[in-house]
Amino acid sequence: MITSTNNNQIKNIIALNKKARERRAQRLFVVEGIRAVAEVPGDLLHAIYYIEGFGDSADGKEFLAEIKAKASDVPCEEVAKSVFNSMCDTVTPQGVLALVKMQDFSLEDILGATSGGPAHIIILESLQDPGNMGTIVRTAEGAGATGIIMNNTTVDIYSPKVVRSTMGSIFRVPHLIVSDLGDTIKTLEDKYGVAVYAAHLKGDKFYTELDFKGPTAFMIGNEGNGLTDEMADLATSYLKIPMEGQLESLNASVAASLLMYETHRQRY
């Protein structure tokens, strides 16, 4: 049993929870909670940590047996209660934590190489709110999106708050972080024939009037500032979302959800 916060493994977990730089360098991130850890594919599990006494309960024994069944070589460490609480990001830890390997996706994966249907992509420019990011990832799975592309100034998809809010969808929705979002958009349009849409005040058609049955991508911008002019200018077409009252814009995850589910409606 690990009994000290000075243990190097514990120090490393705390660093992974707090620092995106450490997560990127180690290609690892933290997943907390019984249900969340159970969602992790076996080949992505790096290590399991559980609070003292958890392995003695019937539920704990069953959970650990299931982990060993899908990842027989993954190390499982028992941790003293006070130490376990210090290594968690949540206020009320559920007693189980995993270190998880990041997945490697290509642009072809984002385009739907394994889905069999046309591309259905969300492009995020400098989105900052973890809740919005998590909602978009989760909705992308529900609406059948083929993937998500984001620039490196977007909130870290592997941060603890984002991971929790995806409710496991992070393991099933291909995602790609790129350094040059503009270049990637041009590649989507010119090489792969993807129609890239931006919700914009200059749009002359509502999103329900457009055809999203072919390869399609939607750009979603920063919560406070929207898309930069540079990104908006790269759109194949502008679209608009109807809004009554005095609203000028919708929450980023709400706008993304409307567009993803309209695409799903048209295709299915």
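Data block above holds the structure.
For the structure given in this document, a descriptive report is provided here. (Residues numbered from 1 in each chain as written. Predicted model: local features only at pLDDT ≥ 70, side-chain atom pairs only at ≥ 80, totals over all residues. Heavy atoms only, no water.)

Below, the discussion takes up empty space enclosed by the protein. Scanning the model with the defined rule gives one cavity of 30 Å³ or more in all. In this structure, the largest cavity occupies an estimated 60 Å³ of space. Breaking the lining of the largest cavity down by element, the ones donating at least two residues are β1 (28-32) and α8 (160-166). For the lining of the largest cavity, the class distribution of residues is five nonpolar, one polar and two charged. (1 Å grid on protein atoms, 1.4 Å probe; cavity = no way out; pocket = protein on both sides within 12 Å on 5 of 7 lines; lining within 4 Å. Points joined across faces, edges and corners; volume = space filled by probe spheres on them. Helix = DSSP H or I, 4+ residues; strand = E, 2+ residues; numbered from the N terminus. Nonpolar A, V, L, I, M, F, W, Y, C, P; charged D, E, K, R; others polar.)

Time to look at the packing of aromatic side chains. Enumeration according to the criterion identifies seven aromatic pairs in this entry. Seen in terms of ring centroids, F54 and F63 are 5.9 Å apart; in terms of plane orientation they differ by 80°. Their pairing is edge-to-face. A relative accessible area of 6% means that F63 is categorised as buried. The structure contains a cluster of three or more aromatic residues connected by ring pairs, namely F29, Y158 and F171. (Phe/Tyr/Trp six-rings, centres within 6.5 Å; stacked < 30°, edge-to-face > 60°. Buried < 20%, exposed > 50% of the residue type's maximum accessible area, 1.4 Å probe, protein only.)

All right, on to the pattern of salt bridges then. Counted under the stated rule, the structure contains seven salt bridges. Among the salt bridges present, the one from R27 reaches D104, with a minimum N-O distance of 2.4 Å. Remark: D104 occurs in the loop between β4 (96-101) and α6 (107-110) and R27 occurs in the loop between α2 (20-26) and β1; sequence separation between them is 77 residues. A salt bridge links D211 to K213; its shortest N-O distance comes to 3.9 Å. We classify K213 as partly exposed; its relative accessible area is 48%. (Salt bridge = Lys/Arg side-chain N within 4 Å of Asp/Glu carboxyl O.)

Position of T154 relative to the elements: it lies in the loop between β6 (147-151) and α8. Its relative accessible area of 9% is what places T154 among the buried residues. A polar contact of 3.0 Å, which involves the side chain of T154, links it to the backbone nitrogen of S126. A distance of 3.4 Å separates a polar side-chain atom of T154 from the backbone nitrogen of L127. (Polar contact = N/O pair within 3.5 Å; in protein donor to acceptor, adjacent residues only side chain to side chain.)

In this structure, the largest pocket encloses a volume near 770 Å³. In terms of lining, the largest pocket is formed by 28 residues, of which the most central are A199, H200, G226, E248 and S249. Elements represented by at least two residues in the lining of the largest pocket include exactly β9 (216-220), α10 (229-232) and α11 (252-267). Here the lining of the largest pocket is built from residues that sort into 15 nonpolar, nine polar and four charged.

So, about the sheet that holds strand β10 (residues 237-239). Whenever strands of a sheet pair, they do so through backbone hydrogen bonds, lying parallel or antiparallel. With parallel pairing, the six strands of this open sheet are ordered in space as β7-β6-β5-β9-β8-β10. Since the sheet does not close on itself, it has two edges, and those belong to β7 (175-178) and β10, each with one partner. Going from strand to strand, the sheet's axes swing by 25° on average, the running direction of each strand aside. Where strand β8 (residues 195-199) lies against β9, four bridges are found, and the strand directions are parallel. Following the sheet pairing, A195 is matched in β9 by T216. Packing against the sheet, helix α7 (residues 130-142) makes contact with β5 (120-124) and β6, and its axis sits at approximately 155° to β6. Its contacts with the sheet put α11 on β5, β9 and β10, and the angle it makes with β9 is roughly 170°. (Pairing = 2+ DSSP bridges. Axes fitted to C-alpha atoms, helices over the stretch in contact; angles between N-to-C directions. Contact = heavy atoms within 4.5 Å.)

Glancing now at unusual backbone geometry. Excluding glycine, residues mostly have negative phi values, and the peptide bonds linking residues are mostly trans. Unlike most non-glycine residues, S126 shows phi in positive territory, near 60°. Topologically, S126 is positioned in the loop between β5 and α7. Despite not being glycine, M167 has its phi angle at roughly 55°, a positive value.

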